[in-house]
Amino acid sequence: MCLFCKIVAGEIPSNKVYEDDKILAFRDIAPQAPSHILVIPKTHIPSLDGVNEENVEIVAHIFKMIPKIAAEEGLTNGYRLVSNCGPDACQTVPHLHFHILGGAKLAGEMA
Ligand code: AMP
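This text gives an overview of the structure that appears in the document. (Residues numbered from 1 in each chain as written. Predicted model: local features only at pLDDT ≥ 70, side-chain atom pairs only at ≥ 80, totals over all residues. Heavy atoms only, no water.)

**What to know about the layout of surface pockets**
Part 1 of the reasoning: Taken as a whole, the largest pocket spans an internal volume of roughly 690 Å³.
Part 2 of the reasoning: Considering the residues around the largest pocket, the lining is formed by 28 residues, among which Asp28, Gln32, His36, Leu38 and His99 are closest to the centre.
Part 3 of the reasoning: For the lining of the largest pocket, the elements supplying multiple residues, two or more each, are α1 (3–9), β2 (23–27), β3 (35–41), β4 (79–82) and β5 (98–102).
Part 4 of the reasoning: By residue number, the principal contributor to the lining of the largest pocket is α1, which donates three residues. (1 Å grid on protein atoms, 1.4 Å probe; cavity = no way out; pocket = protein on both sides within 12 Å on 5 of 7 lines; lining within 4 Å. Points joined across faces, edges and corners; volume = space filled by probe spheres on them. Helix = DSSP H or I, 4+ residues; strand = E, 2+ residues; numbered from the N terminus.)

Spelled out as structure tokens, the structure:
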């Protein structure tokens, strides 16, 4: 079971900010901004490359919920959404996740 599947299963604790039957959002353990939240599907999808006809609905649901999670977090002045996919993007956890970064003016360069 991957790290984030273990978090979904409750085998590893997390600081949850939102949960429903399909997705979980929790605080990143090593925040790179004042607010750094990870949003994941509860089902295991390895990365964006694993999105397909069968599971794309859960990604749509994640995108529907991200603005609500950001609003609840108080990110009224904007935020950045990042999903690292594969080795060149330095993806370290092989379970699809979206980083919500905000709470301060972020760096203009993204890479
Ligand atoms: P990525 O490098 O895009 O794969 O992002 C993985 C993220 O997961 C990193 O920002 C890590 O800090 C974060 N992370 C790793 N382990 C945990 C954990 N147990 N709880 C919360 N966040 C974690």
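Okay, back to it.
**Description of the site of the ligand**
Part 1 of the reasoning: Around the ligand, 16 residues are found, and the nearest of them are Asp28, Asn84, Thr92, His97 and His99.
Part 2 of the reasoning: With respect to the ligand, the backbone of Val93 contributes an N or O atom lying 3.1 Å from an oxygen atom.
Part 3 of the reasoning: One nitrogen or oxygen atom from the side chain of His99 is found 2.8 Å from an oxygen atom belonging to the ligand.
Part 4 of the reasoning: Burial of the ligand by the protein amounts to 85% of the accessible area it has alone, namely 500 Å².
Part 5 of the reasoning: Taken atom by atom, the bulk of the ligand overlaps the largest pocket.
Part 6 of the reasoning: With three residues, the single largest contributor to the shell around the ligand is α1.
Part 7 of the reasoning: Looking at the shell around the ligand, its residues break down into nine nonpolar, five polar and two charged. (Near = heavy atom within 4 Å. Polar contact = N/O pair within 3.5 Å; in protein donor to acceptor, adjacent residues only side chain to side chain. Areas by Shrake-Rupley, 256 points an atom, 1.4 Å probe, with all protein chains shown as cover. Sits in = over half its atoms within 2 Å of the grid points. Nonpolar A, V, L, I, M, F, W, Y, C, P; charged D, E, K, R; others polar.)

Geometric descriptors of this kind do not, in isolation, establish any biological role.
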